[in-house]
Amino acid sequence: MENDKRTNLFLDSVIYEEICKYSWLVSGVTTTPTFFKRDQVDFNEFGTKFRNEFPGLELHIEALGPTSEETEKQLLDIIKKPWFNFDKVVIKIPVSFENLKIVSKYSQRGVKFNTHLIFNPSQAYLSVLSGTSYVCPLIGRYADNIYALSHKNLRGGENDVGKKLLISIIVAVEKCPKSKPVKVMASSIRTVGDFVNSVSAGADVVTVPTKILESSIENEYTNQGVASLLQNMGY
């Protein structure tokens, strides 16, 4: 699939030092409740500090409860936070009909949504119709699930299942009638290959964990070339 899209880079992290390190490079930051728990980061303190330190970066925060009523309550709690900003804070929400009702209701009030845990084009299509600002397929998790079912490694090259999923979702979003621009965000980036595939497929955004971002700059031929140049320069 040839395209002339430009892909923005987000960092998938809640660790302040990592965000500081790459804030000059990325356009935004994605978070999950798992990150806050795993890294022992306070949600409110993070939101306040992030918005103060990085006002130009977009922040994606989850609203999710065991019921749609609880999810809506969490959404309203976030909107009331002093650090919330309608332009720069995006609400992540898993795709379901009940959650898409919330997206439809509050997107009309100016709230931006990232509808995620998307694994097929129909989910993406329905999310766009509901008024979401982002659709977010988890391409790495999808590939892992396919491997668990088939025991075949279908990653890499033109037959990479994560890339195929991403392309099919991009097409679905492009075909869907919409009243505003909708971006496709590639997430669950497990390898440098996932990163490269997301860019080459034409995702509007790819959100990458720090480990993968740092691995993506490494190449043994680059290292050999630098070593040779330094040797020739007498170092």
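Structure: see above.
This section reports on the structure supplied with the text. The structure displayed is predicted, hence computed values, not measured ones.

## Details of the sheet that holds strand 1 (residues 8-12)
Piece 1. If you trace the eight strands once around the closed barrel, you get 1-2-3-4-5-6-7-8, paired in parallel fashion. Strand-to-strand, the axes of this sheet are offset by a mean angle of 30°, without reference to chain direction.
Piece 2. Relative to strand 8 (residues 205-208), strand 7 (residues 183-186) runs parallel, the two sharing two bridges. Bridge pairing in strand 8 places Ala186 opposite Val206.
Piece 3. Its contacts with the sheet place helix 3 (residues 43-53) against strand 2 (28-30), strand 3 (58-62) and strand 4 (89-94), and it is angled at close to 165° to strand 3.

## Some thoughts on the side chain of Thr132
Piece 1. Within the secondary structure, Thr132 is located in the loop between helix 6 (121-130) and strand 6 (134-137).
Piece 2. By relative accessible area, which is 0% here, Thr132 ends up buried.
Piece 3. At 2.9 Å, the side chain of Thr132 and the side chain of Thr115 are in polar contact.
Piece 4. When sequence neighbours within four positions are dropped, the list of residues in contact with Thr132 reads Val103, Phe113, Asn114, Thr115, Ser127, Lys180 and Val182.

## Observations concerning helix 4 (residues 68-79)
Piece 1. With twelve residues, helix 4 should cover 16 Å at 1.5 Å per step; its first-to-last C-alpha distance of 16 Å lies within 8% of that length.
Piece 2. Residues of helix 4 that are buried: Ser68, Thr71, Glu72, Leu75 and Ile78. Buried residues along helix 4 cover an arc of 120° about the axis, so they all sit on one side.
Piece 3. Those residues of helix 4 hidden inside the fold are in contact with helix 3, strand 3, strand 4, helix 5 (97-107) and strand 5 (112-118).

## Details of the pairing of strand 5
Piece 1. For strand 5, a buried count of five out of seven residues is recorded, marking the element as mostly surrounded by other parts of the structure.
Piece 2. Two elements, strand 4 and strand 5, share five bridges in a ladder whose sense is parallel. Note that in strand 5 the partner of Ile93 across the bridge is Thr115.
Piece 3. Considered for its hand, the β-α-β crossover made up of strand 4, helix 5 and strand 5 is right-handed.
Piece 4. Judged from the four bridges that link them, strand 5 and strand 6 form a sheet pairing that is parallel. Its bridge partner being in strand 6, Thr115 is matched across the sheet by Val135.

## Some details on the pairing of strand 1
One face of the sheet, then the other: side chains in a regular strand alternate in exactly this way.
Piece 1. With respect to burial, strand 1 is a largely interior element, four of its five residues being buried.
Piece 2. As paired strands, strand 1 and strand 8 are joined by four bridges and run parallel to one another. Following the sheet pairing, Leu9 is matched in strand 8 by Val206.
Piece 3. Sheet analysis places strand 1 next to strand 2, joined by three bridges and oriented parallel. In the sheet register, Phe10 faces strand 2, and the bridge partner there is Gly28.
Piece 4. Read from strand 1 through helix 1 (residues 16-22) to strand 2, the crossover connection turns out right-handed.

## Brief notes about the packing of aromatic side chains
Each aromatic ring pair is summarised here by two numbers: the centre-to-centre distance and the angle between the ring planes.
Piece 1. Enumeration over the complete set of coordinates arrives at eight aromatic pairs.
Piece 2. Arranged with centres 6.0 Å apart and planes meeting at 45°, the rings of Tyr16 and Phe54 form a pair that is tilted. Here Tyr16, found in helix 1, pairs with Phe54, found in the loop between helix 3 and strand 3; they are 38 residues apart in sequence, far enough to count as distant.
Piece 3. When the ring of Phe84 is compared with that of Phe86, the centres are 5.0 Å apart and the planes differ by 85°; the resulting orientation is edge-to-face.
Piece 4. You can call Phe86 partly exposed: its relative accessible area is 38%.

About the criteria used
- Residues numbered from 1 in each chain as written.
- Predicted model: local features only at pLDDT ≥ 70, side-chain atom pairs only at ≥ 80, totals over all residues.
- Heavy atoms only, no water.
- Pairing = 2+ DSSP bridges.
- Helix = DSSP H or I, 4+ residues; strand = E, 2+ residues; numbered from the N terminus.
- Axes fitted to C-alpha atoms, helices over the stretch in contact; angles between N-to-C directions.
- Contact = heavy atoms within 4.5 Å.
- Buried < 20%, exposed > 50% of the residue type's maximum accessible area, 1.4 Å probe, protein only.
- Polar contact = N/O pair within 3.5 Å; in protein donor to acceptor, adjacent residues only side chain to side chain.
- Expected span 1.5 Å × (residues − 1).
- Arc of directions from axis to C-beta.
- Right-handed = clockwise from strand over helix to strand, strands pointing away.
- Phe/Tyr/Trp six-rings, centres within 6.5 Å; stacked < 30°, edge-to-face > 60°.

Bear in mind that shape data such as this cannot, by itself, settle questions of function.
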